[in-house]
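Summary of the model geometry
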Amino acid sequence: GSGDGQGQILQRFPEKDWEDNPFPQGIELFCQPSGWQLFTERNPPTFFVAVLTDINSERHYCACFTFWEAVESAQPQSHPRNGEGEEEEEEPSSPIQPAQLFAPKSLVLVSRLDHAEVFRNSLGLIYTIYVDGLSVSLENVIGNLLTCTIPITGGAQ
């Protein structure tokens, strides 16, 4: 095999489509244009914006912030276990450690507005909260990023 995997959406916000702005189908294909691959080294985070045009010729700006997480190798690199007539013995003289692999994980922000720097900063903040292990829900972070307070006319009463 080529080592290519397939991306999948682990979490999205909002969880259900908005009537006037449905979730772009196949967005995971745009997150890794070179394919979803495992690497033996942790790559630095990357950021780019892909512009998708829907059937109504409306543009959707898909900001993609990708970072790399350590994963366990799915293929054990030791002697085969399925041999018939063989006794299973541990051989402490030849321990084989599974290779450390890194998989891409992408944070994606989809907007009808073209504000790449705001997207980069917002996704960078979400990434920082994630890697620092802060116990803040994704919904609260996004809600705080997208909420603005508009003062009432006439000022405070």
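Residues numbered from 1 in each chain as written. Predicted model: local features only at pLDDT ≥ 70, side-chain atom pairs only at ≥ 80, totals over all residues. Heavy atoms only, no water.

**Considering the overall build of the chain**
- Helix and strand counts for the chain come out as three helices and five strands.
- When the helices and strands of the chain are placed in sequence order, the string is β-α-β-β-β-β-α-α.
- Per-residue burial for the chain yields a buried fraction of 22% across its 157 residues.
- The long-range share in the chain, meaning contacts at least 24 apart out of those at least 6 apart in sequence, stands at 65%. (Helix = DSSP H or I, 4+ residues; strand = E, 2+ residues; numbered from the N terminus. Buried < 20%, exposed > 50% of the residue type's maximum accessible area, 1.4 Å probe, protein only. Contact = heavy atoms within 4.5 Å.)

**Digging into the packing of helix 2 (residues 116-131) against helix 3 (residues 138-146)**
- Running from N to C, helix 2 and helix 3 cross one another at 150°; their axes reach a closest spacing of 11 Å. Between helix 2 and helix 3, the interaxial angle falls into the category roughly antiparallel. Crossing angle aside, the handedness with which helix 2 passes helix 3 is right-handed. On the side of helix 2, the interface is formed by S122, L125, I126 and I129, while helix 3 contributes L138, V141, I142 and L145. (Axes fitted to C-alpha atoms, helices over the stretch in contact; angles between N-to-C directions. Parallel < 35°, antiparallel > 145°, perpendicular 65-115°, else oblique. Left-handed = near helix turned anticlockwise from the far one by under 90°.)

**Some remarks on the pattern of salt bridges**
- One pass over the full model with this rule turns up three salt bridges.
- Between R12 and D17 there is a salt bridge; the shortest N-O distance is 2.7 Å.
- On the basis of relative accessibility, which here comes to 42%, the residue D17 falls in the partly exposed class. (Salt bridge = Lys/Arg side-chain N within 4 Å of Asp/Glu carboxyl O.)

**Let's talk about a nonpolar patch on the surface**
- On the surface, F13, L125, L145 and L146 cluster together into a nonpolar patch covering about 370 Å² of accessible area.
- With respect to the secondary-structure elements, L146 resides in helix 3. (Patch = residues over 30% accessible without salt bridge, like charges linked within 9 Å, V, L, I, M, F, W, Y side chains within 5 Å. Areas by Shrake-Rupley, 256 points an atom, 1.4 Å probe, with all protein chains shown as cover.)

**A word on the pairing of strand 3 (residues 46-53)**
- Where strand 3 meets strand 4 (residues 59-71), eight bridges bridge the pair, whose relative direction is antiparallel. Pairing of L52 across the sheet is with H60, part of strand 4.
- Between strand 3 and strand 4, which pair antiparallel one after the other, the connecting turn spans five residues, and S57 there sits at a positive phi close to 65°. (Pairing = 2+ DSSP bridges.)

Taken by themselves, the reported measurements are silent on function.
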